[in-house]
Amino acid sequence: MNTAAARPPRPLISAVVPFLNEAATLPVLFAELEQQLGALGLPWELVLVDDGSRDESLEVVRSQLEQRPQLKATVLSLSRNFGKEAALTAGLQASRGDVVVPLDADLQDPPELIGAMLEQWRQGFDVVYAVRRRRAGESNTKRLTAFGFYRLMGRLSSTAIPADTGDFRLMDRCVVEALLQLPERSRFMKGLFAWVGFRQSAISYDRDARQGGKSNWNYWKLWNFALDGITSFSRVPLQVLSGSGVAIAFLALLYGGWMVLRTLVFGIDLPGYASLMTAVLFLGGVQLIGLGMLGEYLGRVFEEVKARPLYLVRERWEQ
Ligand code: UDP
Ligand code: MG
């Protein structure tokens, strides 16, 4: 077991940064990491994963690294855009640090927190995650949907996933190794982070607005991301489905019985067109939703069964 006493006094810190089209923010990121991590006086390495950028991000990385020949760095350039979760996994796989910190390239995850995280790690926590107290520079809709999503996830998921927590955290090597053992293709990292367990602790911070560039997410991506999260960590939607099936069948039975009784007692009257139509359409809708829900799970099973690699690397170099 990893106890506080067993912590190496001078741990190697890996900063893992997946990026997609971040040419505008990368120079700031380099400067900031150099300053903040340099101030800790510990050895550190940078693991950069280019998630299929189509701008000059990779050239920017090259020139930033040339300006800092003493910096330890590993750069992976993926063969196309595989999504942040896959890129992050690639970065974790390439990292060698005793502690590993995934960071967003846009500096929305402030590296100045790493010092405080290390403190807690030294006290024996294996994971120190950052909880967002406030989000600057994000629209109310984004804030509201994020809020709703985290609460919904909390209710549905069998694993307790901390709310308002992104990928930004400090992890001990043992946690990274555990994460890399998880074979699934649909990698909802927030959920996987929670699933592996270990001794976790939280620190809170105010999330800043992005440093230049623009968010790579749109509502369609976010919707799929949310579905990934829910279907990977919860069977509740399927249970709701079978539950409502039983409830509706039961109600229909009661209603049928009552109609027989009514006909026997009061004689035959004209059946209602409106109620019939409503029932048919309503049930049709429920069935389609049900099929769709099954499809969401089945589609993910399909992805898993194909067992394709999570990402492909086009280019890799170290310095
Ligand atoms: N990112 C990535 N691949 C993607 C989308 C995003 O590597 O397909 C990176 C992006 O460059 C950034 C981080 O993931 O470093 C977070 O993305 P973004 O800032 O767009 O998300 P937000 O902060 O708006 O949630
Ligand atoms: Mg961001």
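Here's a quick rundown of the structure.

For the rest of this paragraph, the subject is the coordination of the magnesium ion (ligand 2). In the first shell of the magnesium ion (ligand 2), the protein supplies Asp106 (OD) and Gln108 (OE1), at 1.9 Å from the metal. Looking at Asp106, the relative accessible area reads 3%, which means it is buried. On the basis of relative accessible area, Gln108 is assigned to the buried category, the value being 8%.

What follows concerns the packing of aromatic side chains. Inspection of every chain in the model, using the stated rule, returns four aromatic pairs. Both rings, one in Phe168 and one in Tyr205, keep their centres 6.0 Å apart while their planes meet at 80°; by these two values the pair is edge-to-face. With Phe168 in strand S6 (residues 165-172) and Tyr205 in strand S7 (residues 200-207), the pair connects residues that are 37 residues apart, well separated along the chain. We classify Tyr205 as buried; its relative accessible area is 3%. Ring centres of Phe188 and Phe225 lie 5.1 Å apart, and the angle between their planes is 50°; on these two criteria the pair is classed as tilted. Here Phe188 is found in the loop between helix H6 (173-181) and helix H7 (189-196), whereas its partner Phe225 is found in helix H8 (residues 219-233), with 37 residues between them in sequence. In this pair, the class of Phe188 matches that of Phe225, namely buried. The structure contains a cluster of three or more aromatic residues connected by ring pairs, namely Phe149, Tyr150, Phe188 and Phe225. The ring of Phe82 carries the charged tip of Arg80 above its face, separated from the ring centre by 3.9 Å.

We now examine the pairing of strand S4 (residues 99-102). Alternating positions in S4 separate into two faces, Val99 and Val101 on one and Val100 and Pro102 on the other, with burial throughout. Both strand S1 (residues 13-19) and S4 contribute to a ladder of four bridges, which runs parallel. In the sheet register, Ser14 faces S4, and the bridge partner there is Val100. Summarising the sheet, S4 and S6 pair through two bridges and their orientation is antiparallel. Across the sheet, residue Val99 finds its bridge partner in S6, namely Asp172.

To continue, consider the pattern of salt bridges. What the rule picks out here adds up to 15 salt bridges. Residue Asp104 is joined to Lys84 by a salt bridge in which the shortest nitrogen-to-oxygen separation is 2.8 Å. Of this pair, Asp104 sits in the loop between S4 and helix H4 (114-122) while Lys84 sits in helix H3 (residues 84-94), placing them 20 residues apart in sequence. For Asp104, a relative accessible area of 15% gives the class buried. Between Arg96 and Glu318 there is a salt bridge, with its nearest N and O atoms 3.7 Å apart. Here the residue Arg96 occupies a position in the loop between H3 and S4, and Glu318 occupies one in strand S8 (residues 313-318), the gap between them amounting to 222 residues. Its relative accessible area of 44% is what places Arg96 among the partly exposed residues.

Not every positive phi belongs to a glycine, and Asn21 is a case in point at roughly 50°. Within the secondary structure, Asn21 is located in the loop between S1 and helix H1 (26-40). Look at Asn21 and you get partly exposed, because its relative accessible area is 25%. Of note in the backbone geometry, Ala307 takes a positive phi value of approximately 50° without being a glycine. In this fold, Ala307 is placed in the loop between helix H10 (273-306) and S8. Of the residues examined, Ala307 reaches a relative accessible area of 49% and is grouped as partly exposed.

Take the nonpolar core next. In terms of nonpolar packing, the biggest core is built from 39 residues, with Leu78, Leu92, Phe149, Met153, Met171, Leu179 and Phe188 touching the most fellow members. Within the residue set of this core, elements represented by two or more residues are strand S2 (44-50), strand S3 (72-78), H3, strand S5 (127-135), helix H5 (140-156), H6, H7 and H8. Broken down by element, the residue count for this core peaks at six residues, all from H3. Sequence-distant contacts of Phe149, that is, excluding residues within four places in its chain, are made with Phe188, Ala226 and Ile230. In terms of nonpolar packing, the next biggest core, distinct from the first, is built from 38 residues, Val61, Ala105, Ala130 and Leu170 among them.

What counts, and where the lines are drawn
- Residues numbered from 1 in each chain as written.
- Chains lettered and ligands numbered in written order.
- Predicted model: local features only at pLDDT ≥ 70, side-chain atom pairs only at ≥ 80, totals over all residues.
- Heavy atoms only, no water.
- Donors = N, O, S within 2.8 Å, 3.2 Å for Na, K, Ca; no water.
- Buried < 20%, exposed > 50% of the residue type's maximum accessible area, 1.4 Å probe, protein only.
- Phe/Tyr/Trp six-rings, centres within 6.5 Å; stacked < 30°, edge-to-face > 60°.
- Helix = DSSP H or I, 4+ residues; strand = E, 2+ residues; numbered from the N terminus.
- Lys NZ or Arg CZ within 6 Å of the ring centre and 35° of its normal.
- Pairing = 2+ DSSP bridges.
- Salt bridge = Lys/Arg side-chain N within 4 Å of Asp/Glu carboxyl O.
- Core = buried A, V, L, I, M, F, W, Y, C linked by side-chain atoms within 4.5 Å.
- Contact = heavy atoms within 4.5 Å.

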